[in-house]
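# Report on the structure
One-letter residues, chain by chain:
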Amino acid sequence: MRFCDAEMRRRHEALHAVAESDDPVAAIRVSRARGRALRGLSRFAESVDMSLAAAKAARGLGWLWAAVEAFQQVGLDAYGRSDFRLALAAWSERLAIDEARGARPGIAGTLGNLGLVHQALDEYPKALEYQERALKLMEELGDRAGVAGTLGSIGSIHYSLGD
């Protein structure tokens, strides 16, 4: 048996155990772990479903850092599968939470991710708007690697526009 199969079985059993215990925090932790195991098995649709459920539950409990991490993973999985509308929704949720928390590094990265999604959807003006907001914030934060990556994304958008 492969490691991921055994790990998936363990996490599935844990999910049932916490469901019986009525502990919502434990259920969120196990759901997130199960989502990661599903991702490891390349079962991305199930991983997205599990991570999305964990994100919504965590947000509902005010456990915002867990919601941010889960929405980020949903966005990554959806973007990787070219489900750009789902990636847009997940990263928009993450952005709203990060903005409410004042988590500037998270805001900057998520703005860049949203720019990438809009670029993939051929929505270049919107993509530029998000990337330029990300660039400004990354410059303020002194994130030189982030600035470099964002400048590359902005260049890619201009290339797509024929500029």
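These lines cover the structure that appears in this document, whether it is placed above or below.

## Let's talk about the overall build of the protein chain
- Helix and strand counts for the protein chain stand at 8 helices and 0 strands.
- Secondary structure of the protein chain in N-to-C order comes out as α-α-α-α-α-α-α-α.
- Residues counted as buried form 45% of the 163 residues belonging to the protein chain.
- By sequence separation, contacts in the protein chain at least 24 residues apart represent 47% of the contacts at least 6 residues apart.
- Per element, the accessible surface of the protein chain, about 8,500 Å² overall, is 54% carbon and sulfur.

## A closer look at helix 4 (residues 64-80)
- Compared with an ideal rise of 1.5 Å per residue, which puts 17 residues at 24 Å, helix 4 spans 24 Å between its outermost C-alpha atoms and is within 8% of the ideal.
- Those residues of helix 4 that sit buried are Ala66, Ala67, Val68, Ala70, Phe71, Gln72, Val74, Gly75, Asp77 and Ala78.
- Buried residues along helix 4 sit in contact with helix 2 (24-40), helix 3 (44-61), helix 5 (84-101) and helix 6 (104-120).
- Directly after helix 4, the chain includes serine 82, whose backbone phi takes a positive value near 65°.

## Considering the pattern of salt bridges
- As enumerated under the stated definition, the model contains 9 salt bridges in all.
- With a closest N to O distance of 2.6 Å, arginine 104 and glutamate 140 form a salt bridge. Placement of the pair is arginine 104 in helix 6 and glutamate 140 in helix 7 (residues 124-141), with a sequence separation of 36 residues.
- In this structure, lysine 136 and glutamate 140 form a salt bridge, with 3.5 Å as the shortest nitrogen-oxygen distance. Within this pair, lysine 136 and its partner glutamate 140 are both found in helix 7, separated by 4 residues, close to a single helical turn.
- If you follow the salt bridges from partner to partner, you end up with Arg94, Asp98 and Arg101 in one network.

Reading guide: rules and limits
- Residues numbered from 1 in each chain as written.
- Predicted model: local features only at pLDDT ≥ 70, side-chain atom pairs only at ≥ 80, totals over all residues.
- Heavy atoms only, no water.
- Helix = DSSP H or I, 4+ residues; strand = E, 2+ residues; numbered from the N terminus.
- Buried < 20%, exposed > 50% of the residue type's maximum accessible area, 1.4 Å probe, protein only.
- Contact = heavy atoms within 4.5 Å.
- Areas by Shrake-Rupley, 256 points an atom, 1.4 Å probe, with all protein chains shown as cover.
- Expected span 1.5 Å × (residues − 1).
- Salt bridge = Lys/Arg side-chain N within 4 Å of Asp/Glu carboxyl O.

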